[in-house]
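Architecture at a glance
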Amino acid sequence: MGRTITEKILAAHSAQAELHPGQFVMARIDLMLGNDVTAPLAIEEFRNIGAERLADAARVVLVADHATPNKDIEAAQQCRLMRDFSREQGVGRFYDVGRGGIEHALLPEEGLVAPGECIIGADSHTCTYGALGAFATGVGSTDLAAAMATGECWLRVPESIKVVYRGERKEWVGGKDLILYMIGKLGVAGARYQALEFCGEAIEALGMSGRLTMCNMAIEAGAKNGIIAPDAVTEEYVRSVTDRDYTPQSSDPDAAYAQVVEIDCADIDLQVAVPPLPENSRSVRDVEETPIDQAVIGSCTNGRIEDLREAAQVLEGRSVHADVRLIVVPATRRVHLQAIREGLAEIFVEAGGALSTPTCGPCLGMHMGVLAQGERAVATTNRNFVGRMGHPESEVYLAGPAVAAASAVLGRIGGPEELP
Amino acid sequence: MSEIRGRAHVYGDNVNTDVIIPARYLTSSDADELARHCMEDIDPEFAAKLKPGDVIVAGENFGCGSSREHAPVAIKAAGISAVIAGTFARIFFRNAINIGLPALACPEAAGDIEDGDEVAVDLASGRIENVTRGRSYQAEPFPAFLREIVEAGGLVPYTRKRLAAR
Ligand code: SF4
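Treat the numbers as computed from the prediction; the structure is a model and nothing was measured.

Rules of the game
Residues numbered from 1 in each chain as written. Chains lettered and ligands numbered in written order. Predicted model: local features only at pLDDT ≥ 70, side-chain atom pairs only at ≥ 80, totals over all residues. Heavy atoms only, no water. Helix = DSSP H or I, 4+ residues; strand = E, 2+ residues; numbered from the N terminus. Rg over C-alpha atoms; globule rule 2.2 N^0.38 Å. Buried < 20%, exposed > 50% of the residue type's maximum accessible area, 1.4 Å probe, protein only. Contact = heavy atoms within 4.5 Å. Areas by Shrake-Rupley, 256 points an atom, 1.4 Å probe, with all protein chains shown as cover. Buried area = accessible area lost by both parts, 1.4 Å probe. Salt bridge = Lys/Arg side-chain N within 4 Å of Asp/Glu carboxyl O. Polar contact = N/O pair within 3.5 Å; in protein donor to acceptor, adjacent residues only side chain to side chain. Nonpolar A, V, L, I, M, F, W, Y, C, P; charged D, E, K, R; others polar. pLDDT = per-residue confidence, 0-100. Pairing = 2+ DSSP bridges.

Let us now look at the overall build of chain A. When its secondary structure is counted, chain A shows 14 helices and 18 strands. Rg of the C-alpha trace for chain A: 20 Å, near the compact-globule value of 22 Å for 420 residues, within the 12% margin. Reported as C-alpha extents along the three principal axes, the dimensions of chain A are approximately 60 × 50 × 40 Å. Taken over 420 residues, chain A has a buried fraction of 67%. A separation of at least 24 residues holds for 76% of the contacts in chain A among residues at least 6 apart in sequence. Surface exposure of chain A reaches about 13800 Å², of which carbon and sulfur atoms provide 46%.

Further remarks concern the interface of chain B and chain A. The interface is formed by 41 residues belonging to chain B together with 50 residues belonging to chain A. Sorting the residues of chain B by area buried against chain A places Thr27(B), Arg90(B) and Arg94(B) first, and these three jointly supply 20% of that buried surface. The interface formed by chain B and chain A contains four salt bridges. The interface formed by chain B and chain A holds 18 residue pairs in polar contact (both at pLDDT 80 or more) in total. Split into classes, the residues belonging to the side of chain B that touches chain A amount to 17 nonpolar, 14 polar and 10 charged.

Moving on, we come to the confidence of the model for chain B. Residue and element names in this part refer to chain B. Summing up the model confidence of chain B, the mean pLDDT is 93 and the portion of residues at 70 or higher is 99%. The weakest mean pLDDT in chain B belongs to helix H7 (residues 144–152) at 87; the strongest belongs to strand S2 (residues 55–58) at 98. Here the prediction assigns the complex a pTM of 0.95, and the interface score ipTM is 0.91.

Residue and element names in this part refer to chain A. Here strand S6 (residues 135–138) shows two buried faces, one formed by Phe-135 and Thr-137 and the other by Ala-136 and Gly-138. Sheet topology note: the strand S5 (residues 118–121)/S6 ladder contains four bridges and is parallel. Within S6, the residue paired with Ile-119 across the bridge is Ala-136.

Before going further, it helps to spend a moment on the environment of Ser28(B). One can find Ser28(B) in the loop between helix H1 (17–20) and helix H2 (31–36). In this structure the C-alpha to C-alpha distance between Ser28(B) and His70(B), which are 42 residues apart in sequence, comes to 8.9 Å. Filtering out sequence-adjacent residues up to four positions away, Ser28(B) remains in contact with Gln78(A), Glu33(B), Leu34(B) and His70(B).

Shown next as structure tokens:
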């Protein structure tokens, strides 16, 4: 019986020849990640374990991105704890304000992820890195603490679901629409504990940015990891950011899947997921006429340069609607710089948008765009749960950058083809 | 481990980490502070009505969303002695195991227990008893691998032992 890419990577990292879904392993972790919300707790547990030194400082990445630039004194204390710990333990990859950005956009860009690697992060969207053919999954702070102490993490080998995207994408339709559509079919628990393996011609034709968006939201269907087999697109991307060696894996043709889902891209319009769950996705045409107060373009899902280019294409020469606040957040320092160099920054500010420094801020209702009672936002982020972006009676509609930008101009939800 | 016994607080499907502990409180890792805001966005009365030992009973996919360990930490610190759900989101489940909050998957119990019922749980056997209604249910047993972590008292003592053995 053949094996899936996920099973092969986990086998290679636990020195097991044969692995079966459901089996538990202690896996060797190539890279482990924490942020300013999860690392402080991990550091405390690291001390409780009684470990004095990191098993390998070179495999630890700490990113200050959630409540940064420090939103208040408590946030400042959390970041300071990470900074002090990094100095004490020699963590070279501590990314402070101005140096890094949002973790899941940052790590691939910094060349810290390569095909075949096994990565954990104390953040649920760690599954993003599957876009590069790595096994990557979100864990908790205590898991990170144990991995920092031992270099290993306990994992259950997941069953895999294969999602095949056939045909060609329609105009403006991107990775966000492909993944929202799929979550709508599977539901928020449809892939619980399982690996989501994306393939098919539409995936092959998708650039790395769209692939990262898709794997980022695998967790929104409950998945343990999202993964795309490495191909020429992957190779080109990885070679542009690092020259280190790696061992790519891919699924055998006769690998066993718990389920195979076939999707025809001809059925996928621009998507919007209405609150309070990402599974409530539908065609943008079904939610037009929904007025909005705020539009947010950014996050680890859609804050890369390709996303900002798409938004700028919609916003160029247009103005943000008088009743809407547009907030644009480049995901990383490099994206920010590129947006300035390409003139995108100017387009956003000229249109009446607020351009922020890289931060998670608005995505989780932390700062930089918190919603008041009764307010509604359209956002390129990944979660529309109750209270996600602020007051429990505020609402978040999820969409891709083209819809978010067009909605900012229209003052209501709508697609770019509706603009005059 | 002693028997778990308390009143049930019942919730629906997809109770996510944003409502278990909203992000606005995440600049603290202090368990008692987190406990004060536990479940606040779906049940503002939660902290006030809770008695130590009470259990949470919920439907499918409990704890979905963020990886924040603050969620099970808040629940545990609030005095909840176990969470019984139809199914758990995986990161919540591993966090619960890692910090020693009993998390039992039992669709039968989740569908039958009503708010305010008195519930008793025997962790060793996975037996859940509805004292109020005189019914009992069998939760999925923990696999041997996880039992080791649970029996060690969580991932911290488990890892301490592994390190000492090296
Ligand atoms: S941008 Fe949002 S989803 Fe992504 S890591 Fe930050 S808080 Fe999490």
